[in-house]
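Per-entry structural report
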Amino acid sequence: GSEWGQVFASSRKRRMGAAGRVVAGASRLTRLRERPAVLKLTEKAAERISELLKSKPGMVGVRVGVKSRGCNGMSYTMNYAEEKKPSDEEVTDHGVRVFVEPKAVMHVVGTIMDFAEDEISSEFVFQNPNATGTCGCGESFTTKEMKEMRDIKEQQQAQ
């Protein structure tokens, strides 16, 4: 009790220029800003993932990522997952688990994953609010962050 109080008081005296201090129970004083979901699933997408997982014993979910490819920069990847990796963001929606690879998070945050079927095809569809452009076939996309990274690379190469 009082020993820590003395240490805290003496450190405050030495650090008069400190930017702030830690207050226990700060959550009462401030509201935490809610972070948007990394990914949301529609019921159709969750149903399809559930169907796919039934045919793959030992798999606990799917892992979504992005790869640099396609005519517009990036495309989505999706694979079966045996487990959650420590760096994955986990989304549980409509009873299924989706793990988002760390590299993909900044490009997909807020995305809605759907499943669409018609007479010709069936596919997962990603409604991504971060996409600033897509290719004509809809297989690849780019984001503001990706454009900024490309611009930085170009500037570095020019120097």
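Source: prediction; values computed, not measured.

1. Quick word on the pattern of salt bridges
Under the criterion given, the structure shown has 3 salt bridges. Across the pair R63 and D88 runs a salt bridge, and its minimum N-O distance is 2.9 Å. Of the two residues, R63 is situated in strand β2 (residues 61-68) and D88 in the loop between β3 (74-81) and β4 (89-93); the sequence distance between them amounts to 25 residues. Each member of the pair, R63 as well as D88, is classed as buried. Note that R97 is salt-bridged to E90, the shortest N-O span being 2.7 Å.

2. What about the packing of aromatic side chains?
Per the counting criterion, the structure on display carries 2 aromatic pairs. On the basis of an interplanar angle of 15° and a centroid distance of 4.0 Å, the ring pair of Y76 and F126 is categorised as stacked. One end of the pair, Y76, is in strand β3; the other, F126, is in strand β7 (residues 122-127), with 50 residues separating them in the sequence. Pair check on accessibility: Y76 and F126 agree, each one buried.

3. Quick notes on the side chain of T77
As for its placement among the helices and strands, T77 is situated in strand β3. When near neighbours in sequence (up to four residues on either side) are disregarded, T77 contacts R63, V64, G65, V66, K67, R69 and E101.

4. Focus: the nonpolar core
With 23 residues, the main nonpolar core has L39, L41, I49, V98, V100 and M113 as its most contacted residues. When contributions to this core are tallied by element, the ones reaching two or more residues are β1 (39-41), α2 (43-54), β2, β3, β5 (96-100), α3 (102-108), β6 (111-117) and β7. If you tally residues by element for this core, the top one is α2, at 4 residues. Setting aside residues up to four positions removed in sequence, V100 forms contacts with V38, L39, V64, D88, E89, V91, V105 and V108.

5. A word on the confidence of the model for the chain
Per-chain confidence: the chain averages 76 in pLDDT, with 63% of residues scoring 70 or above. Across residues 1-30, where pLDDT falls below 50, the model places 2 contacts with residues more than four positions away in sequence or in other chains.

Conventions we followed
Residues numbered from 1 in each chain as written. Predicted model: local features only at pLDDT ≥ 70, side-chain atom pairs only at ≥ 80, totals over all residues. Heavy atoms only, no water. Salt bridge = Lys/Arg side-chain N within 4 Å of Asp/Glu carboxyl O. Helix = DSSP H or I, 4+ residues; strand = E, 2+ residues; numbered from the N terminus. Buried < 20%, exposed > 50% of the residue type's maximum accessible area, 1.4 Å probe, protein only. Phe/Tyr/Trp six-rings, centres within 6.5 Å; stacked < 30°, edge-to-face > 60°. Contact = heavy atoms within 4.5 Å. Core = buried A, V, L, I, M, F, W, Y, C linked by side-chain atoms within 4.5 Å. pLDDT = per-residue confidence, 0-100.

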